[in-house]
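A look at the structure
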Amino acid sequence: MPTHPFTAPSAACTALTEVGRSTSRHAFAWLAIANAVGLLMALLLAWPGLNDLLAPLTYGRWTSVHLNGQLYGWCTVPLVGVVLRVFLDARHPHAARHGNIGLAAWSLALAAGSLSWLAGHSSGKLFMEWTGWMRPALPAAMLVLWTILAAHAWWRRPLRASAALTGRTLLAGSALAAILVVPVVFFWAAGSTVYPAVNPDSGGATGAALLGSTLGILTLYGALPVLLGRPRRAAGGWARAYGPRLYVAALVASWLLYAGLRHGAVSHHRLAPQAALGTLLVWIPLTWLHFEAYVWPMAVRRWLISAFICWTLLVVDGWLTFLPGFSEALKFTHGLVAHAHLAMAGFITAVNHVVLRCLSLSTGPDEAPIRAAGGAVRSMATPGFALWHAGLVLHFIALIGLFTVERSDASALFLGSAEVEGWLWLRAASGGVLLAASVIWLRNAFRP
Amino acid sequence: MIDPTQEDSPRLSAVACAVVAITATYVYFLLFAEFALVELALPLAEGRLRWLLGALGVGGVTGSLLAARSFRFERYTRSVANGFRACGVAAVVALLAKTWFMMMVAALSVGLSLGWLTVILVSGLRGVLGGRRLGLWAGLGTGSAYAFCNLPLVFNASPANQTVVAAVAAGIGALAANGLSLTAAPRAERADFQPPIPACWIVAFLALVWLDSAAFYIIQHTEPLRSATWQGAWVLGGNAVTHLVAAVIAGIAIDRGFNARVVGLAFAFLTGAALWLGDGTARTTGVEVLYTAGVSLYSTALVAYPAQGGRPRLSAALFAVAGWGGSALGIGLAQDLHHIPVWFCGAAGLAFAVALGWRQRHLRRLGPAALGVLLCGGLLDSEIRASDDAVIAFGRQTYIAEGCLHCHSQYLRPRVESDVTRWGPAPSLAAQLQGRPPLLGNRRLGPDLSQVGNRRSAEWNRLHLIDPRSVSPGSRMPSYAHLFADGDRRGDALVAYLASLGRDSLASRVAHAAAWVPQASAHASAGEERDLTRGRSRFAQLCAPCHGDAGRGDGALTARLAQRPPDLVQRPWRHLPDGLNAPERELHLARLIKFGLPGTAMAGREYLPDEDVVSLARFVAALQAAGTPRS
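Throughout, residues of each chain are indexed from 1 in the direction in which the sequence is written. The naming scheme follows written order: chains are lettered A onward, ligands numbered 1 onward. Only residues with pLDDT of 70 or above have their local features reported here, since the model is predicted, and side-chain atom pairs are shown and tallied only from 80 upward, although totals for entire chains, interfaces and linings are computed over all residues. To obtain the side-chain values, all non-hydrogen atoms of the structure were used and water was disregarded.

Further remarks concern the overall build of chain A. What chain A contains, in helices and strands, is 18 helices and zero strands. Per-residue accessibility, obtained with a 1.4 Å probe over protein chains only, is compared with the maximum for each type, and a residue is labelled buried under 20%, exposed over 50%, and partly exposed between these values. When the 448 residues of chain A are sorted by exposure, 57% land in the buried category. Each helix corresponds to a stretch of at least 4 residues labelled H or I by DSSP, and each strand to a stretch of at least 2 residues labelled E; elements are numbered beginning at the N terminus.

Structure follows, in structure tokens:
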């Protein structure tokens, strides 16, 4: 009996569940590490004398670890788990081990990278700081991962004997080919001579780049329900029936729009990029409709709601942030950090919880008792959920507070004031809350 | 033909000849190949010294491999003698070389002959000396060589004379080779020499040679360390004794089967010395003892281990990878980083621990990974930082390494007036993207630095980097005093880099400052008294560290400045034109306060609100007015 290339036979779900749990452990470990470093950074800002005790490991060196730990650890590892789930042949006796090797290679590369950044070896390119002997580290981990994926795709090949599955086989092959491009492009992009187009009036990303990266996330996250094997909801309205189709159609249209934009150093004062980014507003209802068309475990619905709230705020304030006047006020300030915080700690974290819960569920993706399993996970995660959101809001408030101070008087930030002190300590406190939540999740991930 | 089962006690003359041969080989290596050859080549090098070292290394590896291929016990004596002769000839060629080409030929010849000699000599030593006291004799030969090279007369000789001494040593070695008669089984059949254990030893020795070479280079090129380690007859004599004693003790311990403990102790000593040197400070007391003892311990083991095995291929692999490879990597690391990073010691320690823990299977599996870490470190540290202005390039690298771009942008938005006024002028987009990579940054926890060279002097930057809050009270910037420690050139390079940013835009900056006027609202402050209070408060915070609380030029930082800050209470003020009326004086003062005095330690306070700048100007003016009668 041939199987869907993107789902595994439920009889062999144990291995996939094991890999899903390993994914959770790696992801939460990186979240905890990155948050611990983030807390340290907040303390270093509130109490600069602490730098003297830690020298030469001062604020700047830790920042690289924090940013990259969040990006390549917490944000990316769950997606690594997703591709493993998609490609691993669960019937293989060593499937779980292979998955763990892929995850370990990723974490090892990131750990080595973190050490190198702490040692002062950085390229100077934000989020692309892999340089020198560490430049090939993450691409090498990607190649290890790809080798595992390719091997398992090959082992599953005989099952796809029927003509009906030829298209899916081709799809899997195409996906593998696309994934293989990633390490090559990544290595190239990490070079010191490669730099993206710059908005001449802000020194930041251009409208086209912002649109492209957002569409990339929408493409990736839009595929999640399928990649995670979520079943479609029974018919119950026009939106549920057509939500995913609308999503795909809008995605195609948006990518065409992106392709039609000028991709050079275009200012945010030009109308075209402003309008193009404005089209992202339609994705607020579209994403809701799309995700609503699938069945989700009860435990992840709260995270889905959190993700949608953050997504809505992000799209709106992201667009405003780009517009002339707002951009000038926010660029280089804590206001923009608040936007990034909402994206990473809010939206991405919520989506990651959805992904990790779905990867870790012991039941097959098409089976019924999903609510029961979800309920168990939900009860386990409640304190973390509450703590995290409290920390998220507090941190956001602290950042906005700092933004208002520096907007009115830049010297207050450079030279300090009681008000700045207060906001910085609030920021540190909220960092502690976020760390506490991530430690709870990490501990839960290691529970049987 | 030697009977492998035969184990006669070696003749005393053979022992003496073997010890002399070991001593001569080490003297040649230490005095000439490692030191005098480079000094001889320096006048011809013109920045190509790495090529010379490369030729030496390539020759060494090639010679080692050729020796392993052609080694025959039957021809041992002749092969060793020929090796010494070749070494002697190569030394003479180096001495006579007058062109860079000839020097390269000499380096290649030195590498080839020394690589050949070491592998041949060591691979047959067990057949000459037997297995019982092989370590002792190896230690005696090694220690004697180190002791000889530390004799003040030899150590302080000119490179040419040292080359002559090395050539003579090679001649003596050739003579001694004739007395090397084989009396014992040439090779030991022990577990230590069964795969994969030799590979583990190679990794361990690689870590040791790597550390030693890096530490040697740093000591040699850091004046306080060099003088503390190798200056004065007493220091050199102490080194000689330490070397000899440590080597002999190591040899005895090796004969009792403590090979791993000896190299373990050597690693501990070398790591201790490396970490001591690691932060670039000149706290040297004790470093020389750790370093010399560690070197002698592992150098003895480096002879004794392959000699015990009597396997030419093992000897060749050991000397090629650990000896020549480790030396090149160590020198490369020291040349590029000028210190030995803690992480490197950690990686070396891991590699070392894994290599010597081969009996535990799980540790053995980690061996390749640990070796990978070390080799990766080598690749990193072999990067050549090429630049038209190496100091500025190194400073930029330091800026990146310390993560300065996480708090400081280097991008001025041309349409944002506050950007241009505070940190300007704004260069073109192309100019702002010139760096590889551009360091635009995305935060401003501190000021933009793209043009900092036109508004902050090197003196101010240096003070600020060392003690930020003394010159900029309330700043959240970390202190980077550790970058300015003795022997660490990162701090000065960073200052040079900052000075280079915007150095071409000074005229534009001055013109902008001369045209600046405070916002009208700044003049309309509510009342003179409140204005003075505000100015006094800002003066105490921002100006008093240099100008003193009363403006007398006696602030806490005065002693650290090249030029004493002016007494603001006294007339005349050098930077204020005469004949100005009160509003004009106030405007000039406000400009000085906001933009500073380029080229001096007087930094502007560009980020202050105009109200604060005007209040400060009024306060300073009042300060002088109050002081006028006294002057």
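Another point: the overall build of chain B. When its secondary structure is counted, chain B shows 26 helices and zero strands. Taking the intrachain contacts of chain B between residues at least 6 apart in sequence as the baseline, contacts between residues at least 24 apart amount to 78%. In what follows, a contact means two residues having at least one pair of non-hydrogen atoms within 4.5 Å.

Residues and elements named next belong to chain B. Salt bridges are counted wherever a side-chain nitrogen of Lys or Arg sits within 4 Å of a carboxyl oxygen of Asp or Glu. Within the structure shown, the criterion is met by 22 salt bridges over all chains. With a shortest N-O distance of 3.3 Å, Asp567 and Arg552 are connected by a salt bridge. Placement of Asp567 in the loop between helix H24 (528-547) and helix H25 (582-595) and of Arg552 in the loop between H24 and H25 is noted, with a sequence separation of 15 residues between them. Using a relative accessible area of 22% as the deciding quantity, one classes Asp567 as partly exposed.

In an α-helix there are 3.6 residues to a turn, and that puts residues three or four apart on one side. Its 16 residues give helix H8 (residues 207-222) of chain A an end-to-end C-alpha distance of 22 Å, which sits within 8% of 22 Å, the value for a rise of 1.5 Å per residue. Buried within H8(A) we find Gly207(A), Ala208(A), Leu211(A), Gly212(A), Thr214(A), Leu215(A), Leu218(A), Tyr221(A) and Gly222(A). The span one expects for a helix is its residue count, reduced by one, times 1.5 Å.

As a further point, take the packing of helix H4 (residues 77-87) of chain A against helix H15 (residues 334-360) of chain A. Residue and element names in this part refer to chain A. Helix axes are fitted only over the stretch in contact, all axes being lines through C-alpha atoms; the angle between N-to-C directions runs from 0 to 180 degrees. Across the interface, H4 lies against H15 with an axial gap of 10 Å and an inter-helix angle of 35°. The two elements H4 and H15 cross, and the hand of that crossing is left-handed. Residues Pro78, Gly81, Val82 and Arg85 of H4 pack against Asn352, Val355, Leu356, Cys358 and Leu359 of H15. For the contact of H4 with H15, the residue count by class is six nonpolar, two polar and one charged. Here is the rule for handedness: rotate from the far helix to the near one, and if that takes an anticlockwise turn smaller than a right angle the crossing is left-handed, while a clockwise turn gives right-handed. Classification used: nonpolar for Ala, Val, Leu, Ile, Met, Phe, Trp, Tyr, Cys and Pro, charged for Asp, Glu, Lys and Arg, polar for all others including Gly.

Each patch is built from salt-bridge-free residues with over 30% relative accessible area, joining like charges within 9 Å and nonpolar side chains (Val, Leu, Ile, Met, Phe, Trp, Tyr) within 5 Å. Throughout, the Shrake-Rupley method with a 1.4 Å probe supplies accessible areas, and for residues the shown protein chains are the sole cover considered. Residues Leu281(A), Val316(A), Leu320(A) and Phe326(A) make up a contiguous nonpolar surface patch of roughly 290 Å² in combined accessible area. Position of Val316(A) among the secondary structure elements: in helix H13 (residues 298-322).

Residues and elements named next belong to chain B. Summarising the element assignment, Ala544 is placed in helix H24. A sequence separation of 13 residues divides Ala544 from Leu557, and the C-alpha atoms of the two residues are 9.0 Å apart. Other than its neighbours up to four places away in sequence, Ala544 contacts Phe539, Asp549, Gly555 and Ala556.

Cis geometry is adopted by the peptide bond preceding Pro56(A), which originates at Ala55(A) and carries an omega value of 10°. Inspection of the secondary structure puts Pro56(A) in the loop between helix H2 (50-54) and helix H3 (59-75). Omega for the peptide link from Arg436(B) to Pro437(B) comes to -5°, which places this bond in the cis form. The backbone of Phe127(A) sits at a positive phi, close to 65°, despite the residue not being glycine. With respect to the secondary-structure elements, Phe127(A) resides in the loop between helix H5 (95-118) and helix H6 (137-156). Positive phi, close to 70°, is recorded for Phe332(A), a residue that is not glycine. Structurally, Phe332(A) can be placed in the loop between helix H14 (326-330) and H15.

On to the state of the cysteines. Residue and element names in this part refer to chain B. When the sulfur atoms of two cysteines come within 2.5 Å, that pair is taken as a disulfide. Applying the stated criterion across every chain, the model contains zero disulfides over all chains. Looking at Cys407, it has no disulfide partner, and the nearest cysteine sulfur is the one in Cys404, 8.3 Å off. A relative accessible area of 15% places Cys407 in the buried class.

What follows is about the interface of chain A and chain B. With 55 residues of chain A at the contact, the number on the chain B side is 54 residues. Both sides together, the interface formed by chain A and chain B hides about 4500 Å², and carbon and sulfur atoms give 62% of it. On the chain A side of the interface with chain B, the three residues burying the most area are Phe332(A), Phe414(A) and Leu415(A), jointly 19% of the side's total. Where chain A meets chain B, there are three salt bridges. Across the pair Arg476(B) and Glu421(A) runs a salt bridge, and its minimum N-O distance is 2.6 Å. N or O atoms closer than or at 3.5 Å make up a polar contact, with two conditions inside protein: a donor-capable atom paired with an acceptor-capable one, and, for residues adjacent in sequence, both atoms drawn from side chains. For the interface between chain A and chain B, the tally reads ten residue pairs in polar contact (both at pLDDT 80 or more). If you list the elements that add at least two residues to the side of chain A that touches chain B, you get helix H1 (13-46), H2, H3, H14, H15, helix H17 (410-415) and helix H18 (418-445) of chain A. For any pair of parts, buried area is found by adding up, for both, the accessible area (1.4 Å probe) each one loses once the two are put together.

Classification of ring pairs rests on two measures: the distance between centres of Phe, Tyr or Trp rings, Trp counted by its six-membered ring, which must be within 6.5 Å, and the angle between planes, read as stacked under 30 degrees, edge-to-face over 60 and tilted in between. As enumerated under the stated definition, the model contains 28 aromatic pairs over all chains in all. Taking the centre distance of 6.1 Å and the plane angle of 55° together, the rings of Phe414(A) and Trp423(B) count as tilted. With Phe414(A) in helix H17 and Trp423(B) in helix H17 (residues 417-423), this residue pair bridges two chains. Like Trp423(B), Phe414(A) is buried. A network of ring pairs unites the aromatic residues Phe28(A), Trp74(A), Trp303(A), Phe385(A), Trp388(A) and Trp441(A) as a single cluster. Charge-over-ring placement is defined geometrically: NZ (Lys) or CZ (Arg) within 6 Å of the ring centre, and within 35 degrees of the ring normal. Directly above the aromatic system of Phe332(A) lies the positively charged group of Lys331(A), at a separation of 5.0 Å from the ring centroid. Looking at Arg456(B), its charged tip hangs above the ring of Trp460(B), at a distance of 4.5 Å from the centre.

In this section: the nonpolar core. Soluble globular proteins tend to bury their nonpolar side chains together. Buried Ala, Val, Leu, Ile, Met, Phe, Trp, Tyr and Cys residues form a nonpolar core when they are joined through side-chain atoms within 4.5 Å. Ranked by internal contacts, the top residues of the largest apolar core, which has 267 residues, are Trp283(A), Tyr28(B), Phe32(B), Leu125(B) and Phe205(B). In this structure Phe205(B) touches Val263(B), Tyr298(B), Ala301(B), Leu302(B), Tyr305(B), Leu318(B) and Ala322(B), once residues within four positions along its chain are discounted.

This part covers the packing of helix H1 (residues 12-45) of chain B against helix H3 (residues 76-96) of chain B. Residues and elements named next belong to chain B. Between H1 and H3, whose axes approach to 11 Å, the crossing angle comes to 20°. Here H1 is positioned roughly parallel relative to H3, judged by the angle of their axes. Crossing hand, H1 versus H3: left-handed. In contact with Ala21, Ala24, Thr25, Tyr28, Phe32, Leu37 and Leu40 of H1, H3 contributes Phe84, Cys87, Gly88, Ala90, Ala91, Ala94 and Leu95. Angle categories: roughly parallel below 35 degrees, roughly antiparallel above 145, roughly perpendicular from 65 to 115, and oblique for all the rest.

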